[in-house]
Amino acid sequence: MTSSARPLLNRRLAEFGTTIFAEMSALAVRTGAINLGQGFPDTDGPEEVREAAVRAVRDGRGNQYPPGPGVPELRTAIAAHQRHWYGLSYDPDTEVLVTAGATEAIAAALLALVEPGDEVIALEPYYDSYAACVALAGGTRVPVTLRPHEGKFRLDLDELRDAVTDRTRLLLINTPHNPTGTVLTRAELAAVAELAVARDLLVVTDEVYEHLVYDDAEHIPLASFPGMRERTVTISSSGKTFSLTGWKVGWITAAPALLTAVRSAKQYLTYVSAGPFQYAIAEALALPDRYFTAFRDDLRAKRDLLATGLAEAGFGVHRPTGTYFVTTDIRPLGHTDGVAFCRALPERAGVVAVPNAVFYDHREAGAPFVRFAFCKRTAVLADAVRRLKALG
Ligand SMILES: *Cc1c(COP(=O)(O)O)cnc(C)c1O
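Owing to the predicted nature of the structure, the values given are computational and were not obtained by experimental measurement.

Comments concerning the packing of aromatic side chains
- This model, assessed by the stated rule, comprises 16 aromatic pairs.
- Ring centres of Tyr 65 and Tyr 271 lie 5.4 Å apart, and the angle between their planes is 70°; this geometry places the pair in the edge-to-face category. Here the residue Tyr 65 occupies a position in the loop between helix H2 (47-58) and helix H3 (72-86), and Tyr 271 occupies one in the loop between helix H9 (256-269) and helix H10 (275-285), the gap between them amounting to 206 residues.
- Feature note: the residues Trp 85, Phe 242, Tyr 291, Phe 292 and Phe 295 constitute an aromatic cluster, connected by ring pairs.

Dropping the structure here:
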């Protein structure tokens, strides 16, 4: 029996009902619309990596609980990846932790590092799990809003500095940034790093789109700035980089004390995960550079197709330099409410998108923005563009 006087969902989670993705994906199914809402690819990752997973299952590697920190082959491959791409050296035994996707890494980091009452600063709009995990940890989220400026969403460094108080525990940074497609510049990252050092803050940085940067943008891990290695928990994942979002293989790199703290939380969340997939991702991370550059070039062409099509359909387009999302402004089309716009779009145009407002505390700041994903086959994107052009 449950008490009818008391809601079932606890107070920490009460504000997080169901995600918008469930509603929009159901709408896509009901209307037969093209789903550019949720960000998952419609083709699977490299065949040799999928074959490696099959082999691991057949050969009995990872079918039983793998080691808590992750299988040594994968931890070694993660350390090699950080060294190869960024010149960062991490000890596979004491500074690398495998997680159930970046999602678990984010949860474990926040649950481990945040005390009730601590403030956590996050860039708004933010990935939807950030707010829920800060709440689960008993922390208070303090959003710093990225604002449109000359075609991209920009971080206001003064606003970030002003948001820091004596209760601030950590900065939760995401670059390349979902949903805006902004990639923080070297100068912006240097300023974030200086602030973290000056105010003695921890930094958790979500870099799952590290290989999806376009034009003159460059992904530079925050951990590579002076004074940052010892205070930064770097999170990434195989899901986006290898188009294998269902495998849920993610990881953390951090200095030993930080890593040990995060592992303490992780061991009671999932303990371990995805044994055979860990061996396969170890092989994926060792793919030649041309895999990564070809993947990026493919997504850049898809960005161009969708961004150009959206602009021709009358949307205001914030051309992303990272991730596989385009954030649009619906005001040029005569609309102001992105939630209402997205609810109507499947019927009106046969396309599903996501209203950015759901990623904001300051909902009014996100109201006119709508996100489209371009990690889809070219023919699907071309069809979506054709449908959207009929809107105008
Ligand atoms: C997709 C995504 C994640 C989750 O990654 P998983 O490895 O699937 O758990 C985390 N952060 C951002 C910004 C994402 O877009």
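There's plenty left to go through after this.
Some thoughts on the pairing of strand E9 (residues 232-237)
- Taking burial as the measure, the 6 residues of E9 include 6 buried ones, the bulk of the element.
- Burial along E9 is two-sided: Thr 232, Thr 234 and Ser 236 facing one way and Val 233, Ile 235 and Ser 237 facing the other are all buried.
- Across 4 bridges, the pairing between strand E8 (residues 202-206) and E9 is parallel. Among the inter-strand pairings, Val 203 is bridged to a residue of E9, identified as Thr 232.
- Bridge count for E9 against strand E10 (residues 249-253) is 4 bridges, and the pairing is antiparallel. What sits directly across from Thr 234, in E10, is Thr 253.

Describing the sheet that holds strand E11 (residues 316-318)
- On the basis of which strands lie adjacent, the open sheet formed by 4 strands has the order E11-E12-E15-E14 and antiparallel pairing. Either end of the sheet is taken by a strand with one partner, and the two such strands are E11 and strand E14 (354-355).
- Pairing geometry for E11 and strand E12 (residues 325-329), over 3 bridges, is antiparallel. Counted as the bridge partner of His 318 is Thr 327 from E12.

A closer look at the site of the ligand
- Around the ligand, a shell composed of 13 residues is seen, among which Thr 103, Asp 206, Tyr 209, Ser 237 and Lys 240 lie nearest.
- Take Asn 178: an N or O atom from its side chain is 3.0 Å from an oxygen atom of the ligand.
- Tyr 209 is positioned with one of its side-chain polar atoms (N or O) 2.7 Å from an oxygen atom of the ligand.
- For the ligand, whose unbound accessible area comes to 380 Å², protein coverage reaches 94%.

Description of the UniProt feature "domain: Aminotransferase class I/classII large" (unreviewed entry) in the protein chain
- Listed under "domain: Aminotransferase class I/classII large" (unreviewed entry) in the UniProt record, and renumbered for this structure, are residues 33-386.
- In this annotation, residues 33-386 is assigned 42% helix and 18% strand; the end-to-end C-alpha distance for the span is 13 Å.

What to know about the sheet that holds strand E4 (residues 140-145)
- With mixed pairing, the 7 strands of this open sheet are ordered in space as E2-E10-E9-E8-E7-E3-E4. The open sheet has two free edges, formed respectively by strand E2 (96-100) and E4, since each of these has just one partner strand. Direction aside, the axes of adjacent strands within the sheet are offset by 25° on average.
- Pairing of strand E3 (residues 119-124) with strand E7 (residues 168-174), which is carried by 4 bridges, proceeds in the parallel orientation. In the sheet register, Glu 119 faces E7, and the bridge partner there is Thr 168.
- Contacts from H3 reach E2, E9 and E10, with the element oriented near 110° to E2.

Section: the nonpolar core
- Core analysis: the largest hydrophobic core is formed by 101 residues, its most contacted members being Val 233, Ile 281, Phe 372 and Leu 388.
- Among the elements that line this core, the one with the most residues is helix H4 (residues 101-113), at 8 residues.
- Not counting chain neighbours up to four residues away, the residues in contact with Ile 281 comprise Val 49, Leu 74, Ser 238, Phe 242, Leu 244, Trp 247, Val 249 and Trp 251.

Quick look at the packing of H2 against H10
- Between H2 and H10, the shortest axis-to-axis distance is 8 Å and the interhelical angle comes to 145°. The element H2 and its partner H10 pack so that their crossing is right-handed. Where H2 approaches H10, its residues Val 49, Ala 52, Ala 53, Arg 55, Ala 56 and Val 57 are matched on the opposing element by Pro 276, Phe 277, Tyr 279, Ala 280, Ile 281, Glu 283 and Ala 284.
- In terms of residue class, the contact of H2 with H10 is made up of 11 nonpolar, no polar and 2 charged.

Thoughts on the side chain of Thr 232
- In this fold, Thr 232 is placed in strand E9.
- Owing to a relative accessible area of 0%, Thr 232 belongs among the buried residues under this scheme.
- In terms of polar contacts, Thr 232 uses its side chain to reach the backbone carbonyl oxygen of Met 228, at 2.7 Å.
- Once you skip the residues sitting within four places of it in the chain, Thr 232 turns out to touch Val 203, Thr 205, Ala 223, Thr 253, Ala 254 and Leu 258.

Comments concerning the pattern of salt bridges
- Within this structure, the stated rule accounts for 26 salt bridges.
- Measuring nitrogen to oxygen at the nearest pair gives 3.2 Å for the salt bridge that ties Asp 93 to Arg 75. Residue Asp 93 is found in the loop between H3 and E2, and its partner Arg 75 is found in helix H3; the two are separated by 18 residues along the sequence.
- Three or more residues are tied together by salt bridges with common partners; here these are Asp 215, Arg 303, Asp 304 and Arg 319.

Overview of unusual backbone geometry
- The omega torsion across Glu 124 and Pro 125 is 0°, close enough to zero to call that bond cis.
- Its place among the elements puts Pro 125 in the loop between E3 and helix H5 (128-136).
- Residue Pro 179 is reached from Asn 178 by a cis peptide bond, and omega for that bond is 15°.
- In this structure, Pro 179 sits in the loop between E7 and helix H7 (186-198).
- Unlike most non-glycine residues, Asp 200 shows phi in positive territory, near 55°.
- One can find Asp 200 in the loop between H7 and E8.
- Although it is not a glycine, Tyr 271 adopts a positive phi angle of roughly 65°.

Conventions we followed
Residues numbered from 1 in each chain as written. Predicted model: local features only at pLDDT ≥ 70, side-chain atom pairs only at ≥ 80, totals over all residues. Heavy atoms only, no water. Phe/Tyr/Trp six-rings, centres within 6.5 Å; stacked < 30°, edge-to-face > 60°. Helix = DSSP H or I, 4+ residues; strand = E, 2+ residues; numbered from the N terminus. Buried < 20%, exposed > 50% of the residue type's maximum accessible area, 1.4 Å probe, protein only. Pairing = 2+ DSSP bridges. Near = heavy atom within 4 Å. Polar contact = N/O pair within 3.5 Å; in protein donor to acceptor, adjacent residues only side chain to side chain. Areas by Shrake-Rupley, 256 points an atom, 1.4 Å probe, with all protein chains shown as cover. UniProt positions renumbered as here; feature names shortened; annotations may be inferred. Axes fitted to C-alpha atoms, helices over the stretch in contact; angles between N-to-C directions. Contact = heavy atoms within 4.5 Å. Core = buried A, V, L, I, M, F, W, Y, C linked by side-chain atoms within 4.5 Å. Left-handed = near helix turned anticlockwise from the far one by under 90°. Nonpolar A, V, L, I, M, F, W, Y, C, P; charged D, E, K, R; others polar. Salt bridge = Lys/Arg side-chain N within 4 Å of Asp/Glu carboxyl O.

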